[in-house]
Amino acid sequence: MLLASIFYIFALFISVASALNLEEGQLPKKAEVYYKCVKPGTFAITFDDGPFEYGRGLLEWLNKNKLKATFFYNGEGWGKIENYKDHVRRVFASGHLIGSHTWSHKDLTKLNETEAKEEMTKLENAFKEIIGVRPKYMRPPFGSTDEKTLQLLGELGYYVINWNVDSMDWLYNDLAKEQEQYRKALNGTDPKKEGHISLQHEVYKTTVDDLAPWVYKYVKELGYKPVTVAECLGHCNPRNCMLCTARNRQISEKHQKNQDIATYIIL
Ligand SMILES: *[C@@H]1O[C@H](CO)[C@@H](O)[C@H](O)[C@H]1NC(C)=O
Ligand SMILES: *[C@@H]1O[C@H](CO)[C@@H](O)[C@H](O)[C@H]1NC(C)=O
Ligand SMILES: [Zn+2]
């Protein structure tokens with residue numbers, strides 16, 4: 001609770017500062033799509049389709065073990081975000097990265113522009129109410145994008161985050177098969193040269209209870225450091241990843257060699 005209070009006071013301070021200094025138009029118009037980490041030796045473990053009932057146990061486990069994850073949330077999917085407000089605040093305040101997985105998990109390429117935009121902005125409004133900021137990272141449902149949706153997402157200021165390691169947990173629900181997916185995808189990879197983004201879903205009990213603990217141990221054994229997506233793209237200095245905002249970005253571009261691109265957008 002104390003940590004959360006300190007965080008909110010500091011975030012408030014930063015948000016006032018950034019409102020005055022916000023520099024728009026720094027992202028390219030068309031959203032960039034990432035499949036892997038940019039920083040060698042990093043590994044972003046991501047969980048989609050929450051918030052849902054198993055997320056609380058996962059958060060507790062991650063925090064107890066001082067590990068970081070990225071969560072791509074829906075507004076209404078397996079759960080309704082309005083029923084998980086406290087949980088989402090706790091995830092945010094604990095320094096995990098929250099990204100958008102759209103309001104209702106529709107394939108954005110099958111919607112017209114108005115509908116697609118609403119899938120993003122409706123969830124932005126929910127985030128604004130719950131944590132006071134909106135994400136800059138999004139995962140398209142089904143990993144599905146086309147030129148039109150990338151243009152829209154770019155205009156809305158999002159980075160599109162897909163993956164290069166797929167646990168296939170939604171299909172298997174079976175630890176041994178999911179481990180095999182990881183082993184196949186990472187066979188022969190070199191942490192000195194590359195980093196990876198992996199996909200799983202917090203809506204399966206086996207993923208939270210069995211796969212998650214194994215994955216963190218496994219990637220560390222291979223020589224990778226588990227970090228958030230923001231850190232794995234080199235957008236954030238780990239020291240202040242949770243707090244880097246547009247304000248930090250301006251400062252950093254002048255003085256800190258581009259280490260602190262905004263993680264969230266203050267609305
Ligand atoms: C987008 O689709 C919705 C629902 O199908 C429709 O009501 C709306 O007119 C469409 N908008 C445009 C710009 O095509
Ligand atoms: C890793 O790749 C090597 C060579 O390509 C192969 O012989 C080995 O069976 C693979 N191991 C796994 C676990 O897939
Ligand atoms: Zn999904």
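All values reported here derive from a predicted model rather than from experimental measurement. (Residues numbered from 1 in each chain as written. Chains lettered and ligands numbered in written order. Predicted model: local features only at pLDDT ≥ 70, side-chain atom pairs only at ≥ 80, totals over all residues. Heavy atoms only, no water.)

This structure, assessed with the given rule, holds 1 disulfide. What pairs with cysteine 37 in a disulfide is cysteine 232, and their sulfur atoms sit 2.3 Å apart. Disulfide cysteine 37 to cysteine 232: torsion about the S-S bond roughly -95 degrees, handedness left-handed. Of this pair, cysteine 37 sits in strand E2 (residues 36-37) while cysteine 232 sits in helix H9 (residues 229-232), and the two are 195 residues apart along the sequence. Comparing cysteine 37 with cysteine 232 shows no difference in burial state: the two are buried. (Disulfide = S-S within 2.5 Å. Helix = DSSP H or I, 4+ residues; strand = E, 2+ residues; numbered from the N terminus. Buried < 20%, exposed > 50% of the residue type's maximum accessible area, 1.4 Å probe, protein only.)

According to the stated counting rule, one finds 12 aromatic pairs in the structure shown. Measuring from ring centre to ring centre gives 5.5 Å for tryptophan 78 and tyrosine 204, while their planes differ by 75 degrees; the resulting arrangement is edge-to-face. Taken together, the positions of tryptophan 78 in the loop between strand E4 (70-73) and helix H3 (85-93) and tyrosine 204 in the loop between strand E10 (195-201) and helix H8 (205-221) put the pair 126 residues apart, joining distant regions of the chain. Residue classification places tryptophan 78 among the partly exposed residues on the basis of a relative accessible area of 45%. (Phe/Tyr/Trp six-rings, centres within 6.5 Å; stacked < 30°, edge-to-face > 60°.)

Along the polypeptide, threonine 206 turns up in helix H8. As for threonine 206 and asparagine 173, which are separated by 33 residues in sequence, their C-alpha atoms are 6.2 Å apart. For threonine 206, the residues in contact, after removing those within four places along its chain, are Asn173 and Leu211. A distance of 2.7 Å separates the side chain of threonine 206 from the side chain of asparagine 173, its partner in a polar contact. (Contact = heavy atoms within 4.5 Å. Polar contact = N/O pair within 3.5 Å; in protein donor to acceptor, adjacent residues only side chain to side chain.)

This next bit is on the site of ligand 1. The full set of residues close to ligand 1 is Asn112, Thr114 and Glu115. Asparagine 112 places a polar side-chain atom, nitrogen or oxygen, 2.3 Å from an oxygen atom of ligand 1. For ligand 1, whose unbound accessible area comes to 360 Å², protein coverage reaches 27%. (Near = heavy atom within 4 Å. Areas by Shrake-Rupley, 256 points an atom, 1.4 Å probe, with all protein chains shown as cover.)

Looking now at the nonpolar core. Ile81, Val88, Ile98, Tyr137, Ile161 and Tyr182 are the most contacted members of the largest nonpolar core, which totals 54 residues. The element contributing the most residues to this core is H8, with 8 residues. Setting aside anything within four residues of it in sequence, one finds isoleucine 161 in contact with Tyr34, Phe72, Tyr137, Met138, Arg139, Pro140, Ile197, Val229 and Leu233. Residues Leu152, Leu153, Tyr158 and Val160 belong to the second largest nonpolar core, which totals 12 residues. (Core = buried A, V, L, I, M, F, W, Y, C linked by side-chain atoms within 4.5 Å.)

Coordination of the zinc ion (ligand 3) by the protein comes from Asp49 (OD), His101 (NE2) and His105 (NE2), over a distance range of 2.0 to 2.1 Å. For the zinc ion (ligand 3), the single-chain donor residues occur in sequence as D-x51-H-x3-H. (Donors = N, O, S within 2.8 Å, 3.2 Å for Na, K, Ca; no water.)

A word on the confidence of the model for the protein chain. Chain-level pLDDT for the protein chain is 85 on average; 79% of the residues reach the 70-or-more range. The low-confidence segment residues 6-25 (pLDDT under 50) makes 20 contacts with residues lying over four places distant or belonging to another chain. Low confidence marks residues 244-260, where pLDDT is under 50. Its contacts with residues over four positions away, or in another chain, come to 46 contacts. (pLDDT = per-residue confidence, 0-100.)

Summarising the element assignment, asparagine 162 is placed in the loop between strand E8 (159-161) and strand E9 (165-166). Residue asparagine 162 is classed as buried on the basis of its relative accessible area, which comes to 4%. Polar contacts involving the side chain of asparagine 162 include one to the main-chain carbonyl oxygen of glycine 143, which spans 3.4 Å. Not counting the four nearest positions on each side in its chain, asparagine 162 is found in contact with Val33, Tyr34, Tyr35, Arg139, Pro140, Gly143 and Ile197.

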